[in-house]
Every structure is written in C-alpha cells, then in structure tokens.
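# A look at the structure
These are the residues of each chain, in order.
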Amino acid sequence: MTTTALKEPVRETSPGAAREPHRRTGRIRRLSLPYLLLLPALLLELLVHLVPMAIGIVMSFKELTQFYIRDWGSAPWSGVGNYKVSVDFDAPVGEALLHSFFVTVGFTLLSVGLCWLIGTAAAVFMQDTFRGRGLLRALFLVPYALPVYAAVITWVFMFQHDNGLVNHVLHDQLHLTGKPSFWLIGDNSFYALLTVSVWKGWPFAFLIVTAALQNIPHELYEAAALDGAGTWQRIRRITLPSLRPVNQVLVLVLFLWTFNDFNTPYVLFGKSAPEAADLVSVHIYQASFVTWNFGTGSAMSVLLLLFLLVVTGVYLLLTSRGRRAADA
Amino acid sequence: MAPSGSFLWSRRIFLTLLTGFVLIPVYVMVSSSLKPLADVTGKFRWLPSGLTFRPYIDIWSTVPLAKYFMNSLIVAGAATICSVVVAVFAAYAVSRYDFRGKRVFTVTVLSTQMFPGILFLLPLFLIYVNIGNATGIALFGSRGGLILTYLTFSLPFSIWMLIGYFDSVPRELDEAALVDGCGPLGALLRIVVPAAIPGIVAVAVYAFMTAWGEVLFASVMTNDTTRTLAVGLQGYSTLYDVYWNQIMAASLVVSVPVVAGFLLLQRYLVAGLTAGAVK
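Below: a short report on this structure. Quick caveat, the model's predicted, so the values are computed rather than measured. Residue numbers here run from 1 along each chain, matching the order of that chain's written sequence. Here chains are named by letter from A upward and ligands by number from 1 upward, in the order in which they appear as written. Only residues with pLDDT of at least 70 are given local features in this predicted model, and only at 80 or more are side-chain atom pairs given and counted; all residues enter the totals for whole chains, interfaces and linings. To obtain the side-chain values, all non-hydrogen atoms of the structure were used and water was disregarded.

## Quick word on the overall build of chain B
- Strands here mean DSSP runs of E at least two residues long; helices mean DSSP runs of H or I at least four residues long; both are numbered from the N terminus. Along its length, chain B carries 13 helices and zero strands.
- From first element to last, N terminus to C terminus, chain B shows the α and β order α-α-α-α-α-α-α-α-α-α-α-α-α.
- Seen along its three principal axes, the alpha-carbon backbone of chain B occupies a region of about 70 × 70 × 35 Å.
- Within chain B, contacts between residues at least 6 apart in sequence are counted, and of these 75% link residues at least 24 apart.
- Each accessible area value is a Shrake-Rupley result obtained with a 1.4 Å probe; residue values ignore everything except the protein chains displayed when judging cover. Summed over all atoms, the accessible surface of chain B reaches about 11600 Å², with 67% contributed by carbon and sulfur.
- Counting rule for charge: Lys and Arg are taken as positive, Asp and Glu as negative, and neither His nor the chain ends is counted. For charged residues, the charge sits on one atom: NZ in Lys, CZ in Arg, CG in Asp, CD in Glu. Charge separation in chain B, taken as the distance between the mean sites of 17 positive and 11 negative side-chain charges, equals 7 Å. It only takes one pair of heavy atoms within 4.5 Å for two residues to be counted as in contact.

Pasting the structure below:
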C-alpha cells in the first residue's frame with residue numbers, strides 16, 4: 001500500500017511541498033487510504049453480486065436452454081422473447097408466474113405484518129424488568145438462532161399427515177377437523193408456510209425493537225407518569241411514536257427478506273411447491289433448474305428485481321416524506 | 001409508575017401463548033430425537049413410550065454427518081472471519097473519511113441486499129466454472145467457492161451496522177492516537193476496533209448464522225466431498241423409511257453450536273444493534 005503511494009510522481013506545486021516531501025506523500029496516502037480500505041469489499045461485491053447480476057440481465061435476453069449451458073455466450077439472442085413469455089398472462093408460463101407473484105405478495109404482507117406485530121408486542125411487554133425476563137428473552141431468540149433447515153424440517157415433521165403433531169392436536173385431541181388434513185400439499189400449504197415463516201421471523205423484529213426501546217430516555221416516561229398517564233397511554237404516546245424511524249427500516253428489511261426467501265419454502269416443500277404456496281423464488285428456481293429454461297428464469301428474476309426496486313423506491317420516498325412532515 | 005392491572009394480565013396471557021408457540025417445535029425436536037422408531041412412524045404422542053439414545057448413535061452412520069459438520073464448520077468459520085475483516089475496513093473508511101463516491105458505495109452495497117438470490121445463482125455458477133477453466137482454481141464445488149459466496153451475503157448488513165457502531169466511537173480517541181504517532185491502521189486496530197467489540201461480535205454472529213443456515217447455494221455449489229449440513233440433512237428423508245427420530249437428533253446436533261453461541265453472545269447483538277442499526 002505504501003509503495004504504490006510513494007510511486008506517485010511528486011509534482012512541485014508549492015514550495016512547502018518541495019521542502020517537505022513527507023507531508024506530500026502523506027497526503028496522497030491519506031487520500032487513497034479510504035479506497036484501499038474499501039477495495040476488498042468492492043471487489044467481492046463485484047465478483048459475487050454485481051457482475052453476476054449483469055450477466056443475469058444479459059442471459060434474460062438469450063434463448064438459454066440446457067444445450068447452451070456449457071457455452072452460454074453462444075446461445076442465440078431472443079430479444080425480449082423471454083420477457084414476452086413471462087408476462088403473457090393468458091399462456092401457461094405467464095399465468096403461473098402471475099399466480100405465484102400474487103401468492104408471494106399476499107404471503108409477504110401477512111408474514112411481515114404478523115412478525116412486526118408479535119415482535120413489537122413482545123418487546124414492549126418486556127421493556128420493564130420482571131422475574132424471568134432474561135430467560136424468556138433467550139427463549140424467544142431460539143427460532144431465530146436455529147439453522148433454517150433444522151427448524152423447518154421439524155415443522156415438516158409436525159405437519160405430517162399421519163404422524164404429525166398438528167393433526168394429532170387438531171383432530172385427535174381437539175376434534176376440530178372432520179378428518180386429518182394435508183398441510184404440505186393443497187390449499188392448507190399456504191398457512192403452513194405462513195406459520196413457519198412467522199415462527200422463524202418474528203424474533204428479528206423483537207430483537208430490533210428491543211434494541212430501539214433501550215434508546216428511549218427514561219425521563220419521558222417519568223414525566224408522562226407525573227402528568228397522570230396510565231401504562232397503556234404511555235405505550236401509545238411515548239413508546240410507539242419513538243419506534244417510528246426504526247419501524248421504517250425494520251419493515252423494509254423484513255419485506256425484502258421474506259419476499260426473497262428461498263430456504264423456508266424449499267425445505268418445507270422441496271423443489272416444486274404446491275400451487276397455493278408457490279413463492280416466486282422457488283418458482284424461478286423451478287423454471288430454471290427443473291425445466292431447464294435459464295433464459296426465462298433470468299427474465300423472471302429481472303422482473304422480480306425491478307418490482308422490488310420500485311417498491312423500495314416508493315417506500316423510501318413515502319417514509320422520508322412522512323418523516324419530513326412529522327419534523328415540520 | 002407501577003404498571004396497571006390490565007397491562008399485567010395482557011402481558012401474562014400474551015407471553016404465555018408466545019412461549020408455547022416458540023417452544024412446541026423445540027419440544028418436538030428434543031422429544032422425538034429420544035423416541036424409538038415405532039413412536040415416530042405411528043401416531044404422534046406427546047410422551048415417548050421409551051427413552052432411547054440410539055438415534056444419536058445412528059445419525060453418524062446413516063449419512064456421513066461428521067464430514068458435513070466439518071464442511072459447514074470450515075465454510076461458515078472462514079466466511080465469518082473474512083466477512084468481518086473486510087467489513088471492518090470498509091466501515092472504518094466510510095465512518096472516518098470523506099471521499100468521492102462514498103454515497104455511491106454505501107447505496108450500491110446496501111442495495112445488493114435486495115437482490116433475489118436466485119438472480120445471481122446461475123451466473124455465479126457460470127463465473128466460477130469459467131474461472132476454474134481459465135486459471136485452474138477450483139471454485140465450483142469447492143469449499144473456497146462457497147466461502148467466497150457466503151462472505152458477501154453478510155457483508156452489506158455487517159458494513160451498515162459497523163458504520164453506525166464506529167460512528168459512536170468518539171473521533172477524538174483515534175485522532176489522539178494519530179497525533180501520538182499511530183498510523184491510520186494502527187488507530188483502527190488499537191482504538192476503534194477494541195471500542196467496537198460488541199458491534200464486531202454481533203456482526204460475526206450474524207455472518208456465522210447466515211452461512212450456517214444457507215440452503216440454495218449449498219445445494220447447487222457443493223459435491224459429495226464438500227456438502228454442508230444444509231444439504232446433508234436431506235439425506236435422512238429421501239430414504240424409503242423416513243427416520244424422523246434420527247432427523248430430529250441430527251437437527252438438534254447441528255443446532256446446538258449455533259444456538260448456544262448465539263445465546264451466549266446475544267447481549268452483544270442487542271448492544272450492537274442499538275449502536276449500529278437502530279439510529
């Protein structure tokens with residue numbers, strides 16, 4: 001690092017620089033230092049994220065089937081053909097994608113909403129100290145800490161038709177259902193996926209909100225109590241408003257993670273998910289790696305990315321505008 | 001400022017229900033791992049008919065679990081160390097220096113969080129194969145390729161969190177170190193890093209968990225010798241007999257190190273989030 005900085009030609013712009021070459025090289029070093037520090041991160045992001053993304057975009061304009069996978073550059077161009085197929089909602093491919101998209105949106109909104117609600121409620125309830133709070137907090141973080149596949153496999157076992165806990169409780173013990181239901185195929189699979197996703201996801205909201213609550217000055221609560229505010233009023237007037245800036249980031253992050261989640265549905269259902277729980281990421285995986293149509297898969301991925309970009313952009317715009325309005 | 005009665009009751013009911021929701025799968029995992037096979041293939045029962053440790057012995061021979069375990073440990077460990085080092089340098093640059101392109105850098109890195117993994121799975125696979133063909137460095141199918149991939153997964157979040165954490169370390173401290181003759185790297189290693197240990201630990205925990213739990217890239221980019229737990233665990237369920245007691249025992253065994261580590265370090269995680277992410 002030092003040698004490259006020293007090799008820079010020292011131009012004599014001022015007498016001071018001529019007299020003190022050390023200061024000059026020191027300044028060059030200082031100027032290039034932040035870039036050197038960033039270099040590893042930048043190279044890695046380029047190699048693993050940005051260049052592949054660019055290639056993915058190029059692929060989406062090609063007719064990339066298994067015949068061309070060894071030498072993808074030679075695959076014939078198809079122009080916007082893959083996109084046309086993906087958004088032709090009257091034909092099977094487009095129709096399935098649209099369906100999968102709506103399933104994903106519905107699933108994501110429900111999952112994020114529930115994760116946020118449960119996480120916030122738990123954090124607010126556990127803001128004051130009480131006996132057993134530390135133990136409870138540790139317990140609540142277990143679903144988040146468990147590796148996805150281990151946790152989701154346990155849920156797969158619980159959702160089994162013949163020997164699972166869910167049917168045993170709902171049918172044998174509570175007699176709620178006429179006969180044992182199927183949870184991992186058919187329409188119920190949506191609720192199975194939602195349950196697992198919320199179980200796994202809410203502790204993250206809990207963690208973030210817990211951290212945010214520690215930043216609220218205690219004096220605020222004391223002042224409110226002096227003014228005669230009850231517990232619920234203090235939560236509504238002080239706790240919840242203080243969480244607003246954190247919530248904006250939290251909801252966005254939860255949304256992106258849930259929308260792109262592949263691990264949960266993949267372990268729960270395998271390579272092809274039931275129609276009712278056919279999330280976009282698994283759908284694209286299937287289109288690419290099971291039916292071997294990588295061009296269409298890439299086009300679908302790009303459409304997905306565009307959608308996420310627009311949603312995130314609009315969201316950021318709305319929330320920052322909301323914040324400005326609140327500040328004014 | 002004692003909480004009201006209605007608050008206390010709501011709290012009790014809510015926390016009880018939530019504890020049940022959280023713990024039932026954990027109970028199923030632990031109890032099923034100690035059941036004889038007949039218990040897990042028949043109707044579900046809350047209590048085992050007889051306790052057995054057999055599943056814990058059999059899991060190692062049904063699939064080469066020990067090998068998968070080592071692979072996961074190497075991959076996740078290396079990805080964590082590299083990710084933390086790279087993130088510390090990048091976050092220090094952003095936190096302490098003004099330079100051209102700073103905003104572009106942070107926005108670009110953060111927006112990679114938004115990419116659906118599926119978008120760059122195939123291109124990355126092709127890049128790794130091409131690099132392998134051109135240079136002889138085997139990335140595809142090797143642990144190295146997986147390490148390289150995983151370390152970038154946690155990088156954006158780590159950088160973002162550490163920027164916030166480094167910002168909370170007073171600048172005067174490392175400026176004083178610079179005056180005392182430390183180089184910028186000396187100031188980083190001697191002053192900023194020690195003061196930001198909770199944030200760094202939090203980031204390391206996050207990176208390790210991300211790598212330990214990843215399924216998609218692990219299933220495409222590994223072969224028989226480099227397979228990680230994420231793929232290896234599926235080996236119990238593709239057989240004719242589904243050994244649910246062994247699956248649960250194996251799940252428990254692969255979970256214990258991460259859960260224990262996480263719970264030990266969770267205080268750092270909350271502290272790290274407070275200073276880093278929540279601002």
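Continuing now.
## Observations concerning a negative patch on the surface
- Patches in this entry comprise residues that are over 30% relatively accessible and not in a salt bridge; like charges within 9 Å are linked, as are nonpolar side chains (Val, Leu, Ile, Met, Phe, Trp, Tyr) within 5 Å. We count a salt bridge whenever a side-chain nitrogen from Lys or Arg sits within 4 Å of a carboxyl oxygen from Asp or Glu. On the surface, A:Asp88, A:Asp90, A:Glu95, A:Asp187 and A:Glu275 cluster together into a patch of negative charge.
- With respect to the helices and strands, the residue A:Glu275 is situated in the loop between helix H13 (263-269) and helix H14 (280-290).

## Section: the interface of chain B and chain A
- Counting residues at the interface gives 96 residues for chain B and 101 residues for chain A.
- A buried area of about 8800 Å², summed over both sides, lies between chain B and chain A, and 80% of it is on carbon and sulfur atoms.
- Across the pair B:Lys43 and A:Asp172 runs a salt bridge whose closest N-O atoms are separated by 3.5 Å.
- Counted as a polar contact is a pair of N or O atoms within 3.5 Å, where, for protein atoms, one must be capable of donating a hydrogen and the other of accepting one, and residues adjacent in sequence contribute only when both atoms are in side chains. Between chain B and chain A we count eleven residue pairs in polar contact (both at pLDDT 80 or more) in total.
- Here the element with the most residues in the side of chain B that touches chain A is helix H1 (residues 5-32) of chain B; it accounts for 17 residues.
- Put simply, Ala, Val, Leu, Ile, Met, Phe, Trp, Tyr, Cys and Pro go in the nonpolar bin, Asp, Glu, Lys and Arg in the charged bin, and everything else, Gly too, in the polar bin. Its residues assigned to classes, the side of chain B that touches chain A comprises 72 nonpolar, 20 polar and four charged. Note on definitions: buried area is the accessible-area loss of two parts on being combined, 1.4 Å probe, summed for both.

## Looking at the pattern of salt bridges
Residue and element names in this part refer to chain B.
- Per the stated rule, a full pass over the model turns up six salt bridges over all chains.
- Of the charged contacts, one joins arginine 54 and aspartate 58 as a salt bridge, the two residues approaching to 3.1 Å between their closest N and O atoms. A residue pair is termed a helical-turn pair when its members lie 3 or 4 positions apart in one helix, as arginine 54 and aspartate 58 do in helix H3 (residues 54-62) at four residues.
- Looking at aspartate 58, the relative accessible area reads 18%, which means it is buried. Burial classes: relative accessible area under 20% of the type maximum marks a residue as buried, over 50% as exposed, and values in between as partly exposed (1.4 Å probe, protein chains only).

## Some remarks on the packing of aromatic side chains
- Centres within 6.5 Å make a pair out of two Phe, Tyr or Trp rings, where for Trp the six-membered ring is used; the pair is then stacked when the planes are under 30 degrees apart, edge-to-face when over 60, and tilted otherwise. Per the stated rule, a full pass over the model turns up 43 aromatic pairs over all chains.
- Relative to B:Trp212, the ring of B:Phe208 lies with its centre 5.4 Å away and its plane at 20°, an arrangement referred to as stacked. With B:Phe208 and B:Trp212 both in helix H10 (residues 197-213) and four residues apart, this pair spans about one turn of that helix.
- Each member of the aromatic cluster is reached from another via a ring pair, and the members are A:Tyr144, A:Phe204, A:Trp257, B:Phe157, B:Trp160, B:Tyr206 and B:Phe262.
- Taking the ring centre of A:Trp77 as reference, the NZ or CZ of A:Lys62 above it sits at 4.8 Å.
- One cation-aromatic arrangement involves B:Lys35 over B:Phe44; the distance from NZ or CZ to the ring centre is 4.6 Å. For a Lys NZ or an Arg CZ to count as sitting over a ring, it must be within 6 Å of the ring centre and within 35 degrees of the ring normal.

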